[in-house]
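# A look at the structure
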Amino acid sequence: LYRVNEEYGLNESENIKAVANALVGIRVFFVTAGLDYYNESDFTQSYLFLDIYARYPDLLIFQDERIQSLEPTEHEPTIKYYAGITALLAKQYDDAINWLNHLSENYVPNETYKESDVYEFLSETYKQNGNQTLFRETLQKGGEKFPDNQYFLASLINEYISENRNDLALQCIDYYIQLNPERKCELISMK
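Here is a short report on the structure shown in this document. (Residues numbered from 1 in each chain as written. Predicted model: local features only at pLDDT ≥ 70, side-chain atom pairs only at ≥ 80, totals over all residues. Heavy atoms only, no water.)

### As for the pattern of salt bridges
The full count for this structure, using the stated rule, is 10 salt bridges. In this structure, glutamate 76 and arginine 27 form a salt bridge, with 3.1 Å as the shortest nitrogen-oxygen distance. Residue glutamate 76 is located in helix α4 (residues 76–89), and its partner arginine 27 is located in helix α2 (residues 12–39); the two are separated by 49 residues in the primary sequence. Each member of the pair, glutamate 76 as well as arginine 27, carries the same accessibility label: buried. Salt bridges here are not isolated pairs; linked through shared partners, they connect Arg136, Glu159, Glu163 and Arg165. (Salt bridge = Lys/Arg side-chain N within 4 Å of Asp/Glu carboxyl O. Helix = DSSP H or I, 4+ residues; strand = E, 2+ residues; numbered from the N terminus. Buried < 20%, exposed > 50% of the residue type's maximum accessible area, 1.4 Å probe, protein only.)

### Some thoughts on the packing of helix α3 (residues 43–55) against α4
Closest axis-to-axis distance for the α3/α4 pair is 8 Å, and the angle between their directions is 150 degrees. Classified by the interaxial angle, the pair formed by α3 and α4 is roughly antiparallel. Considering the relative orientation of α3 and α4, their crossing is left-handed. When α3 is examined against α4, the residues Phe43, Ser46, Tyr47, Leu50, Asp51, Tyr53 and Ala54 are found in contact with a partner set consisting of Glu76, Ile79, Lys80, Tyr82, Ala83, Thr86, Ala87 and Leu89. Here the residues of the contact of α3 with α4 sort into 10 nonpolar, two polar and three charged. (Axes fitted to C-alpha atoms, helices over the stretch in contact; angles between N-to-C directions. Parallel < 35°, antiparallel > 145°, perpendicular 65-115°, else oblique. Left-handed = near helix turned anticlockwise from the far one by under 90°. Contact = heavy atoms within 4.5 Å. Nonpolar A, V, L, I, M, F, W, Y, C, P; charged D, E, K, R; others polar.)

Distances and angles like these do not, on their own, reveal function.
Below, the structure is given as structure tokens:
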């Protein structure tokens, strides 16, 4: 900062504003890099860049009262969604769980993904991370919240059957029959 002050004659406030403007100017490149790495199936690097983009508003410089705070764009939820997915693909489960939980709590309708998609990926993250309890709880919560979603029904029933808990699988089917009377025939066949 001192060198910028000396070379360009900026005071501290102008200097901080110049740095903030430069940071805003390069932000889009983090998405570009994240997508490039994603297309190359390098999910660790992809996640790194998408995570940086998604966390930009939390940078201390944008908390400075001399700087206008960074306003969220319409693309923020989509970038956070892909940050969660790439974290899952990179096997960075804690980060994936953090992003996906954030999205489930702050869902914004969009054209890229449905709210049920977040729950599906969150349950898959718990499963891959070896947390059977949270995997099952997320399936149950997703099934209650999105009763017409096949993933939750099939996954939960398969989970119970794989544990030789057929009584719970049958109870689950009965529960879904109550939630989806229009699918009664199909569910009774499954039963």
